[in-house]
Amino acid sequence: MKNLPAPFAPLVSGGDGLDRYPAEPRALAVRMGEIYGVTADRALPVRGLTHGLELVFRLCAREGLTVEAPDAEPYRALAALYPPALATAARGAVILRALGSPEAVADMAARVAPALMVVDEGMAEYADAPSALTVLDDAPNLVVLRSLSLAYGLAGARVGAALARPETLARLASVIEPYALPEVSVRLALQALDPSRLIETRERIAVVRRERERLSKALSREMVVEPGVGPVLMARPSDPDAVLADLARYGVVGERAGDRLRLPVSARTEANDRLLAALDLAPARTRPNRTGQSVRDTKETRIVCAVDLDATGPTSISTGVGFFDHMLEQISAHGGFALRLSCEGDLHTDPHHTIEDSAIALGQALKQALGERRGIARYGFVLPMDEAEAQVSIDLSGRPYPVFEGTFDTPFIGDYRTDLTAHVFRSLAEHLGAAIHVSVKGDDDHHKTEAAYKAFGRALRQAIRVEGEAVPSTKGVL
């Protein structure tokens, strides 16, 4: 049956090809190798880090090897499922809890020479310590486990990797079940690991690390806080149950772990401020930052765009079209908001799709960030640049209406097609939900183009400014 498709495709969006059994995830192994800095034959995609651990326990049970593991979940549960065949075996699989230093791993490999040595690096992206992968060539029986759950937001998809030398991976692969990794999870993982996503993913991880440090300093004034990794803090309050009750009143969920508490660290500052406010360590924010995100995947482009209208940075643009990157940076700088946009497009064909779809994604992210548009100034307006002059009027009414007046004699500025300038502002108007009127004149097409983008940023800066709480419309809604 494995070569036969289901009699019909599933009635779900994006379900093309899911009527067949999943193939070997070779493309995912290649991409994971690139991400983790190993060759594809050293990466075995697995169903999350726990599945990687389970393969180790299976192998040890089959080969009669003992397992040395911490007395914690999920190790306890796996040990109960896969008891070793020979409890007195001379050699065993040593499982290190997490992020063992490469020097310690190499030393243990040389002294103990275990049948298998496993390092749990499920949260390596959040740590400062170097990876045990750096000693993979010196430790032939080393297995490093990674996860996409907390670093790439795919906890529900269950995707991870076992990283080892090919002969060691072959031993693990010998106990893996058929069709271990669902096609849906493979597709999601390939999207999450796409180069277009990495700018935003890295920034998210950096934000969590900064917020973890901030929370740790604030909490340490009231309780013992242990150094941690990942989006979690381990704290030892004098009354854990009382702290949990305080957190619950503010909508913050913590977990009891003996006499300690696991406290979540969010990538959203306002969520972390709620945690501190619940413990009387900081005032609660009355208004969270206005943030928006757009993920756009087409046959021509793959784009991630994120904005924060209440932060001035960071800004990071990568579309492959240098002049267009510069123009988007102008919008961010003169608009006074943080913007991150990464696009992998079919530039070998033409920059058209990259420029058009990036404008669409930016408009969608801005629209999401504005939300109900409550309290905004709504209107904005102008900008001279040398001999050129651009006038831009904006109404963030929710009703799209683009107007562009101006012509360009130069077809290209670098790889940027000047005829797409009007198209960019039309896409922004349509997907932001705004009337955007642009009029530009002058002699130098570079100056005219840049003036238009800068003027748009300045007009947008005025229009998104918060002036109160009311929706700026007599209708009461935009």
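Residues numbered from 1 in each chain as written. Predicted model: local features only at pLDDT ≥ 70, side-chain atom pairs only at ≥ 80, totals over all residues. Heavy atoms only, no water.

1. Points about the overall build of the protein
Here's step 1: Along the backbone of the protein there are 13 helices and 21 strands.
Here's step 2: Projected onto its principal axes, the C-alpha coordinates of the protein cover approximately 85 × 55 × 45 Å.
Here's step 3: Classification of the 478 residues of the protein by burial places 49% in the buried group.
Here's step 4: Carbon and sulfur atoms provide 52% of the accessible area of the protein, an area that totals close to 22400 Å².
Here's step 5: Taken together, the 54 basic and 63 acidic charged side chains of the protein have centroids lying 4 Å from each other. (Helix = DSSP H or I, 4+ residues; strand = E, 2+ residues; numbered from the N terminus. Buried < 20%, exposed > 50% of the residue type's maximum accessible area, 1.4 Å probe, protein only. Areas by Shrake-Rupley, 256 points an atom, 1.4 Å probe, with all protein chains shown as cover. Lys, Arg positive; Asp, Glu negative; His and termini not counted. Charge placed at Lys NZ, Arg CZ, Asp CG, Glu CD.)

2. Some points on the nonpolar core
Here's step 1: Counting 54 residues, the largest nonpolar core has Met 32, Leu 142, Leu 148 and Leu 219 as its most contacted members.
Here's step 2: Within the second largest apolar cluster, 50 residues are counted, among which are Cys 343, Leu 396, Leu 432 and Val 438. (Core = buried A, V, L, I, M, F, W, Y, C linked by side-chain atoms within 4.5 Å.)

3. What to know about the confidence of the model for the protein
Here's step 1: Mean pLDDT over the protein stands at 90; residues scoring 70 or higher make up 94%.
Here's step 2: Averaged pLDDT values for the elements of the protein fall to 65 in strand β16 (residues 383-385) and rise to 98 in strand β1 (residues 43-46).
Here's step 3: A low-confidence stretch, residues 85-90 stays under pLDDT 50, and its non-local contacts, those more than four residues away or across chains, total nine contacts. (pLDDT = per-residue confidence, 0-100. Contact = heavy atoms within 4.5 Å.)

4. Remarks on the packing of helix α10 (residues 322-335) against helix α13 (residues 445-464)
Here's step 1: At a minimum axis distance of 7 Å, the contact between α10 and α13 shows a crossing angle of 30°. As the angle between them shows, α10 and α13 are arranged roughly parallel. Considering only the axes of α10 and α13, their crossing is right-handed. For the pair α10 and α13, contact is made by Phe 323, Phe 324, His 326, Met 327, Gln 330, Ile 331, Ala 333, His 334 and Gly 335 and by His 446, Thr 449, Glu 450, Tyr 453, Lys 454, Phe 456, Gly 457, Arg 458, Arg 461 and Ile 464, respectively.
Here's step 2: Residues of the contact of α10 with α13, tallied by class, amount to eight nonpolar, seven polar and four charged. (Axes fitted to C-alpha atoms, helices over the stretch in contact; angles between N-to-C directions. Parallel < 35°, antiparallel > 145°, perpendicular 65-115°, else oblique. Left-handed = near helix turned anticlockwise from the far one by under 90°. Nonpolar A, V, L, I, M, F, W, Y, C, P; charged D, E, K, R; others polar.)

5. Here's the deal with the pattern of salt bridges
Here's step 1: The tally for this structure, following the rule as stated, stands at 37 salt bridges.
Here's step 2: Arg 249 is the partner of Asp 246 in a salt bridge, and the nearest nitrogen-oxygen pair spans 2.1 Å. Residue Asp 246 and its partner Arg 249 are both found in helix α8 (residues 240-249); the two are separated by three residues, about one turn of the helix.
Here's step 3: Asp 246 gets classed as partly exposed once you look at its relative accessible area, which sits at 23%.
Here's step 4: Taking the relative accessible area as the measure of exposure, Arg 249 reaches 61% and is therefore exposed.
Here's step 5: Note that Glu 450 and Lys 454 form a salt bridge whose closest N and O atoms lie 3.2 Å from each other. Taken together, the residues Glu 450 and Lys 454, both in helix α13 and four residues apart, mark about one turn of the helix.
Here's step 6: Residue Glu 450 is classed as buried on the basis of its relative accessible area, which comes to 7%.
Here's step 7: In the salt-bridge network here, residues are joined through shared partners; they are Arg 47, Glu 54, Arg 58 and Glu 177. (Salt bridge = Lys/Arg side-chain N within 4 Å of Asp/Glu carboxyl O.)

6. Points about the packing of aromatic side chains
Here's step 1: Counted under the stated rule, the structure contains eight aromatic pairs.
Here's step 2: For the ring pair Phe 324 and Tyr 416, a centre distance of 6.1 Å and an interplane angle of 15° mean the geometry is stacked.
Here's step 3: Residue classification places Phe 324 among the buried positions, given a relative accessible area of 0%.
Here's step 4: One aromatic cluster is present, built from ring pairs that chain together Phe 323, Phe 324, Phe 404, Phe 408, Tyr 416, Phe 425, Tyr 453 and Phe 456. (Phe/Tyr/Trp six-rings, centres within 6.5 Å; stacked < 30°, edge-to-face > 60°.)

7. Here we look at the state of the cysteines
Here's step 1: Applying the stated criterion across every chain yields a total of zero disulfides.
Here's step 2: Looking at Cys 305, it has no disulfide partner, and the nearest cysteine sulfur is the one in Cys 343, 11 Å off. (Disulfide = S-S within 2.5 Å.)

8. A short note on the environment of Gly 160
Here's step 1: Tracing the backbone shows Gly 160 in strand β6 (residues 160-164).
Here's step 2: For the pair Gly 160 and Asp 120, spaced 40 residues apart in the sequence, the C-alpha separation amounts to 11 Å.
Here's step 3: What Gly 160 contacts, discounting residues up to four positions off in sequence, is Met 32, Leu 44, Pro 45, Val 46, Gly 48, Arg 146, Ser 147 and Leu 148.

9. Topic: unusual backbone geometry
Here's step 1: In this model, Gly 313 is joined to Pro 314 through a cis peptide bond whose omega is 5°.
Here's step 2: By the secondary structure assignment, Pro 314 is in the loop between β12 (301-308) and β13 (316-318).
Here's step 3: Phi at Asp 280 is positive, roughly 60°, even though this residue is not glycine.
Here's step 4: In this fold, Asp 280 is placed in the loop between α9 (269-278) and β11 (291-297).

10. Things to note about the sheet that holds β11
Backbone hydrogen bonds hold the strands of a sheet together, and the pairing may be parallel or antiparallel.
Here's step 1: Taken in spatial order, the four strands make up an open sheet running β11-β12-β14-β13, and their pairing is mixed. Where the open sheet ends on each side, the last strands, each with one partner, are β11 and β13. Each adjacent strand pair in this sheet contributes to an overall mean axis angle of 5°, direction not counted.
Here's step 2: With seven bridges connecting them, β11 and β12 associate as antiparallel partners. Bridging from a neighbouring strand, Val 295 pairs with Val 304 of β12. (Pairing = 2+ DSSP bridges.)

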